[in-house]
Amino acid sequence: NAEYMGYCLRRLAGYRLVDEAAIRAADQWARVRHTNVVALREAWTTKDFGDSSLCFVYDLHPCAETLEQRFLRHSRGAQPLHESLLWSYAVQLVCALRAIHKERLAARVVDVSKILVCGRRRVRLSGLGVLDVTEPDPAHLAQHQAEDLHSLGKVLLTLACLSEDALVDMSASLEFVASRFSPDFNNLVLLLLSRPRNPSYPSVFDLTTMLASRIATELDAAQGAADYLEGELSKELENGRLFRLVTKLGFINERPGADMGDAHWSESGDPYLLKLFRDYVFHAVDATGAPVLDVGHVVEALNKLDVASEETVMLMSRDEEAVLLASYAELNRAVESSFQALMQQAK
């Protein structure tokens, strides 16, 4: 697309939309933006595939897999999931449903086959909006919203038992959960699996209040992850600065004079000074003449050059006949002036 971003196209082949107005439901879903929701961008009908097709465009999340694929396909003999992971999934999905219900919508697809796992712990609801277009039922919105929470209870029970058959014998599965997990988690599953049409059945907003402490724990974990990623990004930013500096030096050092219209360009003035600096940084040797491969020395020297430090450094030619004293600030100016000369020549 024009944004150079990847998207996922879901096509219902051979589908004829009875009510064209139903496609407008996709516009409502396009307003839902949440970190635990696979965003629906747009939907339309087309005959470009040789039939009547209904197409949905979602954000693409490469390498994601469903809860079913990650935990249930090969679950025989596997150890139960850690309760902290189940709480994380529960909190994320409740927050996703809160964002959806707040827009007066219902997910209607809360199932292990429709919940994506991205990375280690992030889950996202996918496949949203399709039923609102193909099977619109706005008159029963409250019922569908309650069924979302009931379905969430089924998802948690299935994951806790690590078995797709957990819903076949519900009483045995609930006994297993009560014996292996905390009372809080057991009570949450029991609450979600109670009758959704009961007037006392909680809304997603009630659940958000009930899970406040768990949400705070999840927020702490998210902020810790954000701090770690910011630290890693800072390292890459530093690497990027030094890479740009080394790139400029590579363009300048020992460039053939014919490129600049001066046969001695790289052996005089600022380019010659930078040639000596290159030898000082990368071609140092010890007292026996052996190469010195000190990465710390390289990083320190390049950082001082980048910030234009006033510290001086002694530069020596390879034949030891020329010795120059120059500050990193002077070397920095030499890099910029030499590179600007190259850019002028390139034009």
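Anything mentioned here points back to the structure above.
## With respect to the packing of aromatic side chains
Per the stated rule, a full pass over the model turns up seven aromatic pairs. When the ring of Phe56 is compared with that of Tyr58, the centres are 6.5 Å apart and the planes differ by 25°; the resulting orientation is stacked. This pair shows no difference in class: Phe56 is buried, exactly as Tyr58 is. Relative to Phe185, the ring of Trp87 lies with its centre 5.6 Å away and its plane at 80°, an arrangement referred to as edge-to-face. With Trp87 in helix α3 (residues 83-102) and Phe185 in helix α7 (residues 183-193), this residue pair connects regions lying 98 residues apart in the sequence. The aromatic ring of Phe49 is capped on one face by Arg11, whose charged end is 4.2 Å from the ring centroid. Above the ring of Trp87, the side-chain terminus of Arg214 is found at 4.0 Å from the ring centroid.

## Side note on the pattern of salt bridges
Counted under the stated rule, the structure contains 17 salt bridges. Taking the shortest distance from any N to any O, the salt bridge between Arg11 and Asp51 comes out at 3.1 Å. Of the two residues, Arg11 sits in strand β1 (residues 7-12) while Asp51 sits in the loop between β2 (40-46) and β3 (53-59), which places them 40 residues apart along the sequence. Since its relative accessible area comes to 34%, Arg11 is described here as partly exposed. Residue Asp184 is joined to Arg214 by a salt bridge in which the shortest nitrogen-to-oxygen separation is 3.6 Å. Residue Asp184 is found in helix α7, and its partner Arg214 is found in helix α9 (residues 212-252); the two are separated by 30 residues along the sequence. The class of Arg214 is partly exposed, set by a relative accessible area of 28%. Here the salt bridges do not stand alone but share partners, grouping Glu254, Arg278, Asp279 and Arg318 into one network.

## Quick look at the layout of surface pockets
In this structure, the largest pocket encloses a volume near 610 Å³. In terms of lining, the largest pocket is formed by 21 residues, of which the most central are Arg121, Arg122, Glu218, Ala222 and Ala225. Going through the elements one at a time, α3, β6 (122-125) and α9 are the ones with two or more residues in the lining of the largest pocket. The element that contributes the greatest number of residues to the lining of the largest pocket is α9, accounting for eight residues. Looking at the lining of the largest pocket, its residues break down into 10 nonpolar, six polar and five charged. The volume enclosed by the second largest pocket comes to roughly 330 Å³.

Procedures and definitions
Residues numbered from 1 in each chain as written. Predicted model: local features only at pLDDT ≥ 70, side-chain atom pairs only at ≥ 80, totals over all residues. Heavy atoms only, no water. Phe/Tyr/Trp six-rings, centres within 6.5 Å; stacked < 30°, edge-to-face > 60°. Buried < 20%, exposed > 50% of the residue type's maximum accessible area, 1.4 Å probe, protein only. Helix = DSSP H or I, 4+ residues; strand = E, 2+ residues; numbered from the N terminus. Lys NZ or Arg CZ within 6 Å of the ring centre and 35° of its normal. Salt bridge = Lys/Arg side-chain N within 4 Å of Asp/Glu carboxyl O. 1 Å grid on protein atoms, 1.4 Å probe; cavity = no way out; pocket = protein on both sides within 12 Å on 5 of 7 lines; lining within 4 Å. Points joined across faces, edges and corners; volume = space filled by probe spheres on them. Nonpolar A, V, L, I, M, F, W, Y, C, P; charged D, E, K, R; others polar.

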